[in-house]
Structure formats: C-alpha cells, structure tokens
Amino acid sequence: QVQLVESGGGSVQAGGSLRLSCAASGRTFSRYLMGWFRQAPGKEREFVAAINWSSSNSYYADSVKGRFTISRDNAKITGYLEMNSLKPEDTAVYYCSADHLLSSSYRDVSRARSYDYWGQGTQVTVSS
C-alpha cells in the first residue's frame, strides 16, 4: 500500500493562509493521482483538489478555485495544498488521498470512491 500522512493544519483567521503537506511512503508514489478532500462535522467528505503524477493536470472544486493551489514536489513523494483567502466554511478535516487512477475526467478524480489510499486527516479551523 501507499501510506499518507498529512500535516500543516491549524487555526487561522479568516483571510489567512495555510499550506498542507502530504508525505507518502510505501509503494512508489510517482505515478499516483493525488487528491485532497475535506469533511466538516455532519457533512460528507467532499472533493477539494487533485493533481496527476506529472503535474500536467490539476482539478479544483468550484468552492476553492482561485484560492487553493495543489502541487507535488519534484520527486513526487510529497504533495501540497496551499490555501489562501481562507473562509470559515473551509473549516474541516482535510484528507490527502492517492490512487493509481487512469481516468483524467473531473468526474472520476473528484469522487472519493476513486481513491484507495487515505491519510489520517489534519484539522483546519478558520475563525471569523
């Protein structure tokens, strides 16, 4: 399996920024699609962003488009989610995910069920 560990969460004021990291281990991460999802209390896990292994394709939920940026390092063993202009509604546990998904469609990469590997989550709290 691929093991994922998120870090970088915390509490910030509305309008602030955070950068989340997702460290991968185990099976080679280079060829894996990486996704970020979030889950707020009482809500289902929702798609945030995804990026393919070569960083040639990125995908964003409408709710974060223009504010969040997904990336992965040159070695493709660590992923990042840079979050700017944070809003209280961004408050959630953020999960890094990965899968050897071949499809490049937004429909497929935005579905939680498409991902087999998940991190433990990191809490992001945005206060107003």
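Notes on the structure in this doc start here. (Residues numbered from 1 in each chain as written. Predicted model: local features only at pLDDT ≥ 70, side-chain atom pairs only at ≥ 80, totals over all residues. Heavy atoms only, no water.)

## A short note on the overall build of the protein
So the rule is basically this: The helix count covers DSSP runs of H or I at least four residues long, the strand count covers runs of E at least two residues long, and both are numbered beginning at the N terminus. As defined in this context, the radius of gyration uses C-alpha atoms, and a globule is described by 2.2 Å times the residue total to the power 0.38.
Helix and strand content of the protein: 1 helix and 11 strands. When its helices and strands are written in sequence order, the protein yields β-β-β-β-β-β-β-β-β-α-β-β. Compactness check: the protein gives a C-alpha radius of gyration of 13 Å against a globular reference of 14 Å for 128 residues, within 12% of the reference. Overall size of the protein, expressed as C-alpha extent along the three principal axes, is 40 × 25 × 25 Å.

## Brief notes about the pairing of strand E4 (residues 33-39)
One face of the sheet, then the other: side chains in a regular strand alternate in exactly this way. Stated formally: For every residue, the accessible area (1.4 Å probe, protein chains only) is compared with the maximum for its type, and the residue is labelled buried under 20%, exposed over 50%, or partly exposed between those bounds. Only when DSSP finds a minimum of two bridges between them are two strands counted as paired.
In terms of burial, E4 is a largely internal element, 6 of the 7 residues being buried. The sheet contact formed by E4 and strand E9 (residues 92-99) spans 7 bridges and is antiparallel. Along E9, the bridge assignment pairs Gly-35 with Ser-97. Sheet topology note: the E4/strand E5 (residues 46-51) ladder contains 5 bridges and is antiparallel. Note on E5: the bridge partner recorded for Phe-37 is Phe-47. Counted between consecutive antiparallel strands, the loop separating E4 from E5 contains 6 residues, among which Gly-42 sits at a positive phi close to 80°.

## Considerations on the packing of aromatic side chains
Put simply, the rule reads: Each aromatic pair joins two rings of Phe, Tyr and Trp (for Trp, the six-membered one) with centres within 6.5 Å, and gets the label stacked for planes under 30 degrees apart, edge-to-face for over 60, and tilted for any other angle. Working rule: Lys NZ or Arg CZ, within 6 Å of ring centre, within 35 degrees of ring normal, means a charge sits over the ring.
Tallied over the entire structure, the rule returns 6 aromatic pairs. Seen in terms of ring centroids, Phe-37 and Tyr-115 are 5.2 Å apart; in terms of plane orientation they differ by 75°. Their pairing is edge-to-face. You can see Phe-37 sitting in strand E4 and its partner Tyr-115 sitting in the loop between helix H1 (106-109) and strand E10 (117-118), a full 78 residues away along the chain. The residues Phe-37 and Tyr-115 share a single accessibility class, namely buried. Positioned above the aromatic ring of Tyr-80, the side-chain terminus of Arg-19 is 4.2 Å from the ring centre. The ring of Trp-118 carries Arg-45 above its face, with NZ or CZ at 4.8 Å from the centroid.

## Details of the nonpolar core
Worth spelling out the cut-off: Note on terminology: a nonpolar core comprises buried Ala, Val, Leu, Ile, Met, Phe, Trp, Tyr and Cys residues joined through side-chain atoms within 4.5 Å. Residue contacts are counted whenever heavy atoms from the two residues lie within 4.5 Å of one another.
If you look at the biggest cluster of nonpolar residues, it comprises 36 residues, and the most contacted ones within it are Trp-36, Leu-81, Met-83 and Tyr-94. It is E5 that provides the largest number of residues to this core, a total of 5 residues. With sequence-adjacent residues up to four places away left out, Met-83 is seen in contact with Gly-16, Ser-17, Leu-18, Leu-20, Arg-67, Phe-68, Tyr-94 and Val-124.

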